[in-house]
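Coordinate analysis (summary)
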Amino acid sequence: MDLHIAWFILLGVLLMGYAILDGFDLGVGILFPLVRGDTERRLVLNSIGPLWDGNEVWLVTFGGALFSAFPEAYATVLSGFYLPVILVLLSLVGRAISIEFRGKSQSRFWRGYWDFSFFLSSLVATLVFGVALGNVVGGIALTVQGHYAGRLGDLFQPFALAVGLLAVVGAAMHGALYLQLKVEGPLAQHVRRWAWGAYFAFVGLNIVVAGLALTRVPHLLVNFERWPVVWVMPVLVGLALANISRGLARGRPMGAFLSSCATIAGLTFLAAAALYPNIVVSSSAAPSLDIYRAASSEATLRLMGIIALIGMPLVATYTATVYWVFRGKVKLDEHSY
Amino acid sequence: MDLDLVELSRAQFALTVMFHYLFPPLSIGLGLLMVVMEGLYLRTGNPQYEAMTRFWTRIFAVNFAVGVASGITMEFQFGTNWAAYSRFVGDVFGSALAAEGIFAFFLESGFLAVLVFGWNRVGPRMHFFATTMVFLGSCFSAVWIVIANSWQHTPAGFHLVEHQGVLRAEITDFWAMVFNPSAMHRLGHVMLGAFILGAFFVMSISAWYLLKRRHEDFARRSFLIALTVGALASWGELVSGHSQARAVAHNQPAKLAAFEGHFVTAEQGAEQGTELWVLGWPNVEQQRVDYGIGIPGMLSYLVYDDFDRPLPALDQFPPEDRPPVVVPFVSYHVMVALGMAFIGMTSLALVLWWRGVLFRQRWLLWLFVVAVVGPYIANQTGWVAAEVGRQPWVVYGLLRTSDGVSALVPPEQVLVSLVAFSGVYLALLAVWLYVVNEKIRHGPPEPAAASTSSTGSTSTTGLVAAAAAAGVGRGGHSYTDTADEVAARSSAALAMEDDG
């Protein structure tokens, strides 16, 4: 198999893993202001307590893998989206600190401050991720060398902003569905309401984004015309979405959460299908950065493939172990946040 | 005001990486001590060791979180501010970075969850396994990042290829890249530096408890474990530093000349060895070291085992390839001086321990309380010397720092991000200090058995009973040992302490 394609797929898998896993803890952060009462907030925070850090590693590894496999894309996107990327980095710093430090003092002001910072950093990080993905898929102005030619203001295109909103609402829904697995009692009732609210907003936004994609970003459909079988995926995403409401309505939280994971996986696949074979789509006359232009040497792709083959089963093992150890409802103990 | 993009980008990288490097070495060093402590707990069943592991784990967790948060910034900053560099090295450097993510970060973060939150969810052996894996993960992380960084100093296992009309480095030999000439020297030096920091950190807090007569049994045991590790690592660092300096002399002679303030090469055939400056201040304009105390020929001896063979000085290199001198000289000398101080302090403490009077030396305990800043400074200055000494190259001999920058990012934006990072990191440091201080004030948990020998009033019978209870009555943490065995060990431990 073509190594460039293999790496495109592998990066897609890493991104998918990140979106599914960190998606729910970012979502928990976005929902955080809705949680009332300190015990409730601690329960919610501790539901992601042991997991968020490992979830973020998917992003770090995605970054490293992009750097090594497609350095041109890594350099163009990160330097091109300079201030937004810095904003994400500062948000991720703020988020980690808020989670870690919130419980370290009883003071109301202290906790209130970190609660707000946790919420805001989760919101900003998710929004900027979405907007960035929207821009990469929707197309940005590139120079002939494949560097970013636009300005900061050019990143606020309607399609990209809509994808940003979709990310925020999707994360909120995913987070609420995750919390359903983790909390009990009256809090679970609230969570269920939020899940429904976010669900309807998410379905609506999916329609908006699909509409914008069809009308404003025609190049997204090239691969659909080339391989009509890709049309199966939007249908599957629709089914997974419907299955979320079924799980919610019938009181099957695990089914709803897994359907949400499947939805996110499907949407990531759609984004990748729209991109392929490009990594950064050019909206100017210059050619896009595709998986051949942006790539490292074949030798390095092969080498990194070996590293991934050794590493990914280990990663899957650790992830599974940790999720297994911390399965079930959250209980607060002396080690909790 | 004219903003210089390269200088701003360098300032930001320096700020973010120096801030980041406050945390990982403590994670590595403290991680090692936690493995030792929990290992002792598994072997002896003494609940004090469990209390120790729990306490240091709490501080470890806070430290680790800030390390992760500031580390994410590093992972992406190559792309944001050093796009040309990223394009040039992605094939090589990116690979090491990706390997770090796959092999180190997942291991660390996965088992960190079990280490910090898993006390009541997994058995003691699994918990110990998790602690060990977190430590291993942090070591792997150091391995890959030091390999990547060392490649910038001594590039190997690559060739230059034109890609998209621009030259870039591509791997030809993975293992030659991994074992590039400086990688293993530097890795050893970095790891030992981290162990020294972990040891001095634990000794500082333990010494403070001893001075305040709080948690004395806890503090004594923690101190002695840390002292043992700290002394070994300090002596090891001397050996490692020596071999590393010789490697620098061979690989990056201009850098060693900058470290040592060696401006002018001796005339050929003069049989005049190169001086080693113990103290001094380099005067770049006059090309000499002011206020210097030097040992004639010593540098030649250390590098070549020959007092009379001169080293090449900065004048052997074209002006545009010379590193700055003042910063590498000063930071290098500060690091070396601190390293000697660590050897002195730990050796003295070992002698006093051997003579059984260590914990009566209040002045020395106070010295250890404040000495924790020493390894922090030494770790930082060591890296400053190494990286500033590499200038003007970002990849030694291949790519200049000024050519590696993201040329298209407006300098104003870099200024904005630099100010933002400064503000956030300053606040973060303050909060980190506050939280760690709270944890220290709060103190360690009481060991599962009633407080042991710390007050001296607990009768041996009471202790035995308590320790026995601890051995059998702790649910998830119980052992298959019989109560008697536990009791025997506890009293043996108590007897040993009384000797001290």
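The rules behind these values
- Residues numbered from 1 in each chain as written.
- Chains lettered and ligands numbered in written order.
- Predicted model: local features only at pLDDT ≥ 70, side-chain atom pairs only at ≥ 80, totals over all residues.
- Helix = DSSP H or I, 4+ residues; strand = E, 2+ residues; numbered from the N terminus.
- Buried ≥ 20, exposed ≤ 12 C-beta atoms within 10 Å, placed from the backbone.
- Contact = placed C-beta atoms within 7 Å.
- Rg over C-alpha atoms; globule rule 2.2 N^0.38 Å.
- Nonpolar A, V, L, I, M, F, W, Y, C, P; charged D, E, K, R; others polar.
- Expected span 1.5 Å × (residues − 1).
- Axes fitted to C-alpha atoms, helices over the stretch in contact; angles between N-to-C directions.
- Parallel < 35°, antiparallel > 145°, perpendicular 65-115°, else oblique.
- Left-handed = near helix turned anticlockwise from the far one by under 90°.
- Core = buried A, V, L, I, M, F, W, Y, C linked by C-beta atoms within 7 Å.
- Pairing = 2+ DSSP bridges.
- pLDDT = per-residue confidence, 0-100.

The helix and strand inventory of chain B stands at 16 helices and six strands. Buried residues in chain B amount to 52% of all 500 residues. Looking at chain B alone, contacts between residues at least 24 apart form 74% of all its contacts between residues at least 6 apart.

Quick look at the overall build of chain A now. When helices and strands are tallied, chain A shows 12 helices and two strands. Secondary structure of chain A in N-to-C order comes out as α-α-α-α-α-α-α-α-α-α-α-β-β-α. Taking 337 residues into account, the globule formula puts the C-alpha radius of gyration at 20 Å, and chain A, at 20 Å, falls close to it. Each of the three principal axes of chain A carries a C-alpha extent, and together these read 55 × 40 × 35 Å. Put simply, of all contacts in chain A between residues at least 6 apart along the chain, 78% involve residues at least 24 apart.

In this complex, chain B contributes 58 residues to the contact, which on the side of chain A involves 57 residues. Contributions of two or more residues to the side of chain B that touches chain A are made by helix H3 (47–81), helix H4 (83–117), strand S2 (166–171) and helix H14 (411–442) of chain B. Looking at the side of chain B that touches chain A element by element, the count peaks at 24 residues for H4(B). Taken together, the residues of the side of chain B that touches chain A break down into 34 nonpolar, 17 polar and seven charged.

Along an α-helix, residues three or four positions apart point the same way, because every turn accommodates 3.6 residues. For helix H7 (residues 158–182) of chain A, built from 25 residues, the straight-helix expectation of 36 Å at 1.5 Å per residue is met to within 8% by its first-to-last C-alpha distance of 36 Å. Judged by how many residues are buried, H7(A) sits mostly within the fold: 21 of 25 residues are covered.

We now examine the packing of helix H2 (residues 24–44) of chain B against helix H5 (residues 124–153) of chain B. All names here are of chain B. Running from N to C, H2 and H5 point in directions that differ by 155 degrees, and their axes come no closer than 9 Å. What the angle tells us is that H2 and H5 run roughly antiparallel. Handedness of the H2/H5 crossing: left-handed. In this structure, H2 uses Pro24, Ser27, Ile28, Gly31, Leu32, Met34, Val35, Glu38, Gly39 and Leu42 to contact H5, whose residues at the interface are Pro124, Arg125, Phe128, Thr131, Thr132, Val134, Phe135, Ser138, Cys139 and Ala142. A breakdown of the residues in the contact of H2 with H5 according to their chemical character gives 12 nonpolar, six polar and two charged.

Moving on, we get to the environment of Leu89(A). Residue placement: Leu89(A) occurs in helix H5 (residues 82–101). Between the alpha carbons of Leu89(A) and Leu142(A) there is a distance of 24 Å; along the sequence they are 53 residues apart.

In terms of nonpolar packing, the biggest core is built from 261 residues, with Ala176(A) and Leu33(B) touching the most fellow members. With 24 residues, H4(B) is the largest single contributor of residues to this core. Those residues in contact with Leu33(B), other than ones at most four positions away along the chain, are Trp56(B), Gly198(B), Val202(B), Ile225(B), Ala226(B) and Val229(B).

For the rest of this paragraph, the subject is helix H13 (residues 373–390) of chain B. With 18 residues, H13(B) extends 26 Å from end C-alpha to end C-alpha; this agrees with the ideal 26 Å at 1.5 Å per step. Within H13(B), 13 of the 18 residues are buried, which leaves the element mostly enclosed by the surrounding structure.

Let us now look at the pairing of S2(B). Regular strands place side chains that alternate from one sheet face to the opposite one. Residue and element names in this part refer to chain B. Two strands pair when backbone bridges link them, and strand S1 (residues 158–163) and S2 are joined in this way by six bridges, in the antiparallel orientation. In the strand pairing of S2, glutamate 162 is matched with leucine 167. Following S1, the chain reverses through two residues before pairing antiparallel with S2; glutamine 164 in that reversal takes a positive phi of roughly 55 degrees.

On to the packing of helix H7 (residues 183–211) of chain B against helix H8 (residues 216–251) of chain B. All names here are of chain B. Between H7 and H8, the least distance of the axes is 7 Å, while the angle of their chain directions is 155 degrees. With respect to their mutual orientation, H7 and H8 come out roughly antiparallel. Like other packed secondary-structure pairs, H7 and H8 cross with a definite hand, here left-handed. Of the residues contributing to the contact of H7 with H8, the split by class is 18 nonpolar, 13 polar and four charged.

All names here are of chain B. When pLDDT is averaged along chain B, the result is 85, and 89% of the positions lie at 70 or above. Throughout residues 450–500 the model reports pLDDT below 50, and contacts reaching past four residues in sequence, or to other chains, amount to 64 contacts. The complex prediction reports pTM at 0.87, with the ipTM value standing at 0.86.

Residues and elements named next belong to chain A. The residue phenylalanine 81 is located in the loop between helix H4 (71–80) and H5 in this model. Along the chain, phenylalanine 81 and tyrosine 148 lie 67 residues apart, while their C-alpha atoms are 8.4 Å from each other. Every residue in contact with phenylalanine 81, bar those within four places of it in the chain, is listed here: Ala132 and Leu155.

Looking now at unusual backbone geometry. Cis geometry marks the peptide bond from Tyr276(A) to Pro277(A); its omega dihedral reads 0 degrees. Structurally, Pro277(A) is set in the loop between helix H11 (253–275) and strand S1 (278–280). Omega for the peptide link from Gln391(B) to Pro392(B) comes to 0 degrees, which places this bond in the cis form. Along the chain, the position of Pro392(B) falls in the loop between H13 and strand S5 (393–395). The phi torsion at Tyr291(B) lies on the positive side, around 50 degrees, for a residue other than glycine. Looking at where Tyr291(B) falls in the secondary structure, it is placed in strand S4 (residues 288–295). Tyr291(B) sits in the exposed class, given 9 other C-beta atoms within 10 Å. For Asp305(B), which is not glycine, the phi torsion reads 55 degrees and is therefore positive.

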